[in-house]
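# An overview of the molecular structure
Here are the chains, one letter per residue:
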Amino acid sequence: MRNLFVALLMMIALAVDGKNTDTISLIGKWELALDSTDVGVQENWFSRSFTDQITLPGTLDDARKGNKNKLLPSLDKPQVLHLTRKYSYVGPAWYKKEVIIPANWKDKNVYLNLERVLWETSVWVDGKKVEAKGESLVAPQSFNLTGLLSPGRHTITLRIDNRKKYDISTGDLGHAYTNATQIMWNGVIGDINLTAEGRIAIRQVNVYPDIKQKCIRVKVHVSNTAATEKGTITASVRLKEGQTLGRSIIKKDLPFDQKEQTVELTYPMGDSFLLWSEHTPNVYELSVALKTKHSKSLKHTTFGMRELRQKNAALYVNDKRVFMRGTLECCIFPLTGYPAMDKAGWKKIMGTAREWGLNHLRFHSWCPPKAAFEVADELGFYLQVELPLWSLTVGKDPATNQFLYDEGARIIAEYGNHPSFCFFSMGNELQPDFIFLRDLMVSMRNKDPRHLYTTTSYTFERGHGTWPEADDDFFITQRTKNGWVRGQGVFNAEPPQFDKDYIDAVKGMRVPLITHEIGQYAVYPNLDEIKKYTGVLDPLNFKGVKQDLEAKGLIHKASSYLNASGKLSALLYKEEIERALKTPGCSGVQLLDLHDFPGQGTALVGLLDAFWDSKGLIDPSEFRQFCSSVVPLIRYPKATYMHTETFKADVEIANYSASELKNRTILWELKDSKGVVKGRGSIEHVDIPIGNNRTIGKIQQPLNGIKQADELALSVSIAETEIINSWKIWVYPESLTIEKGNVVVTSNEREAKNALKEGKSVLYNPSYKTLIGLEGKFVPVFWSPVHFPKQAGTMGILCDPKHKLFEYFPTRMHTDWQWWHLLISSKTIITDAFYQDIEPIIECVDNFSNNRRLTTLFETKCENGKLIVCSMDLSENLAAIPEKRQLLYSILRYMNSTAFNPEKQISFQRIKSLTGESESERSSADSIY
């Protein structure tokens, strides 16, 4: 009680005498001058007045200063590469403001603080230059103005130069300095102020939680520009927004006799302190007060009682296994072009991510501002921070090397206390100097052991990237030396198998593995999004797509293209995440991306748009079924079945909740497309420990009750909870007789022509290998058709499930797993030259940079007869691939009905032109695969 009383007296004394750290806000109007020819320094602009004005915090883009955009909407470069700045300026800009320094600041140390700037800042006070420069991209820039600001009126001048200073990224694609996502803005964002401190003052406080010893270890960094004095440091802790812990630590008679010194304290947290994690995001606040005869100083910092470590190649938070369910944040802020600097902006981002079942964000080649860490602390979000580095020339330039060391130290100093700051990578896909990177990483870890470190977030450097570096604490990769750990390398090459995982690929892994940038499935642009761009960026890429569709008469298809491609992307994300959850040696996934990436050729790979708003492709509650702390999983061998087979599956539960689930009942249910239950069962008295890869029961259900082709839904749930997951299978009758009836089925051109001349109905199914068109694929365009322009260009099928042709072949309007064999053995036909002569029944969504009319199945009249052309193979392996046989059956039933009555007419010469030497596009993404 006495300690608490002393602490309270000290706080009261500080309040009565005035805070040692006074603040003057510099937010508001500043004079402005642009220095595009870079003559300002030589012409002494620091001594001149400027006629223009700007409001800070803000940027020249916000103020509509600089070069006005003259580009028009287009699918050409540069418009299609990224969103377009309405105004742009790269070069020096000058900002000037008058300030009045109060009398009580006399003899104090004064600092100018700019929360975030791109890139280099120089400062003058009353025309006198301050020696130090600021050059951080991701941490506040602070300038010591002591001795330059006596009480009275003064002028502060900033020269901010946003030109590239160091070679930190290839093609300026790194997200700390780029026009691909964040823009190369000029200005100051976040807080801008002057602070005054006593000559002996606390400059920084570092907190090191020790859960086992039930304490925190505190390092108080003190600066001293006065004579030697003795003083007292007092530390107290309270739960943020709560009461103090009822104790304080006091160190008396400390000699402050050095310019810079560190005082170390140990603060006992007691036996009932609260832990920090995704499940218990308890945040504490530490207050440290310093008092000498002539100086007072008070600092507050937040922290969490959190221990992050890796053991047996798995991640643990507070000795409990965790699994990172993450996505990337690439500094995508489409209204401002710079990151949110307030908590409200980050609550939107992280709150949405939480709604979609995530617990982790990776900041690709940048570090977010303080507000992001504060929100992550409060929500229990695990953050991966990276140096502003995405380079193929790492280690080659000494000046850049020093900048990286300095920038890493700034990140640690500014954000290191936050419990959400869990992982630190030196950058993205770095090359080539791994000796330099190793030394850089080790130096960061030696400065701050509270985080886990990795050399790079994957690399294409030969001899690296497929196995952890010797000093890595964790490992991020697409594939190991044993094989792929993401579906992009698997889903198009292997038939659908839902008993797969990556156990073989991670065999022998010695540190936790997190998968690198899984997904990247392109989704067609949402043109309704255009109206949301009311800020500094113009979506000329989106407008170009809209303009192109209008010119081609396809604008009415835009929403269907979005839905078809987006739903395919969603089902692929589901299988991506579930395979990782089934893999015991996998510690997390990092999606690229849950939301859109508007740069690098307009990479619209998200289920959410760039504003973190849903595109309506999948409900977040459905996404959480397979992406949350507890996920039911099943292992089953395939997507399609004969009705004479028995469906068999092993049941697992991936449990990364706060505790083991005891004595639970697991329910399963199989329903047909009309909602009729075809089978159900339960698994009783199940204990579900934290972790994964433990079979808890089996499902066996004969399918002989399914008399017609149907899509079935299987669900597995935990009784008396909302925890559920579901999957689809397709069941076809085995006793199916293919009756041609009045239809001629042929792959022979001459036979087809003769039959049509005779007025017959013809199903023309030539070998897809002889057709001119695009290579048939199941997975959609990778990342961006602009960034990787030569890849096979489709984004899934689009059809009307109610069309009579599909009466006996159940399908949705989009690609699903039952289409895999059909699409892999196909060629996509480009019909731009004759689309007016056909009626496509199965369209293929083209990539947005081409917007061609594509199909794999169409109908028309030809010669004297009626014709369906199918570019998917319907002749090989029909017994082994029931979906092929079923589609053929459904087509023939349609063609033998009165519903088959195409209205359009085509010449057989045009049909003849479909076959020939293949012009299919091949993937150019060799650097990715």
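Before any of the text, the structure's been laid out above.
Residues numbered from 1 in each chain as written. Predicted model: local features only at pLDDT ≥ 70, side-chain atom pairs only at ≥ 80, totals over all residues. Heavy atoms only, no water.

Before going further, it helps to examine the sheet that holds strand 35 (residues 586–592). Taken in spatial order, the eight strands line up as 29-28-27-26-25-35-33-30 in an open sheet, and their pairing is parallel. The outermost strands of the open sheet, each flanked by one partner alone, are strand 29 (452–454) and strand 30 (475–477). Adjacent strand axes in the sheet meet at a mean angle of 25 degrees when their direction is disregarded. Sheet strands in contact with helix 4 (residues 398–415) are strand 27 (382–386), strand 28 (421–425) and strand 29, and its direction is about 180 degrees off that of strand 28. (Pairing = 2+ DSSP bridges. Helix = DSSP H or I, 4+ residues; strand = E, 2+ residues; numbered from the N terminus. Axes fitted to C-alpha atoms, helices over the stretch in contact; angles between N-to-C directions. Contact = heavy atoms within 4.5 Å.)

Once that is clear, we can look at helix 11 (residues 882–895). Here helix 11 contains 14 residues, and its C-alpha end-to-end distance of 20 Å stays within 8% of the 20 Å for a straight helix at 1.5 Å per residue. With 13 of its 14 residues buried, helix 11 lies for the most part within the structure. (Expected span 1.5 Å × (residues − 1). Buried < 20%, exposed > 50% of the residue type's maximum accessible area, 1.4 Å probe, protein only.)

Another point: the packing of aromatic side chains. Here the structure, examined in full by the defined rule, presents 44 aromatic pairs. Judged by centre distance (5.0 Å) and plane angle (55 degrees), the ring pair of F597 and W783 falls under tilted. Remark: W783 occurs in the loop between strand 46 (774–775) and strand 47 (794–799) and F597 occurs in the loop between strand 35 and helix 8 (620–626); sequence separation between them is 186 residues. Across the pair, exposure class does not vary: F597 and W783 are buried alike. An aromatic cluster is defined as three or more aromatic residues linked by ring pairs; in this entry it consists of F491, F498, Y636, Y641, F647, F778 and W817. Its guanidinium or amino end placed over the ring of W484, R479 lies 4.6 Å from that ring's centre, counting from NZ or CZ. Sitting over the face of the ring of W467, K481 holds its NZ or CZ atom 4.3 Å from the ring centroid. (Phe/Tyr/Trp six-rings, centres within 6.5 Å; stacked < 30°, edge-to-face > 60°. Lys NZ or Arg CZ within 6 Å of the ring centre and 35° of its normal.)

Angle between the axes and distance between the axes: these two values describe a pair of packed helices. At a minimum axis distance of 10 Å, the contact between helix 4 and helix 5 (residues 434–447) shows a crossing angle of 25 degrees. Relative to helix 5, the element helix 4 is oriented roughly parallel. Considering the relative orientation of helix 4 and helix 5, their crossing is right-handed. Residue-level inspection shows N401, L404, Y405, G408, A409 and I412 of helix 4 in contact with helix 5, the latter providing F436, D439, L440, S443, M444 and K447. Looking at the contact of helix 4 with helix 5 residue by residue, the class counts come to seven nonpolar, three polar and two charged. (Parallel < 35°, antiparallel > 145°, perpendicular 65-115°, else oblique. Left-handed = near helix turned anticlockwise from the far one by under 90°. Nonpolar A, V, L, I, M, F, W, Y, C, P; charged D, E, K, R; others polar.)

We now examine the sheet that holds strand 3 (residues 52–56). Strand order in the open sheet formed by six strands is 3-2-8-13-10-11, and the pairing between neighbours is antiparallel. Two strands in the sheet have a free side with no partner beyond their single neighbour: strand 3 and strand 11 (128–129). Across six bridges, the pairing between strand 10 (residues 120–125) and strand 13 (residues 152–161) is antiparallel. Paired with W124 across the strands is T157, a residue of strand 13.

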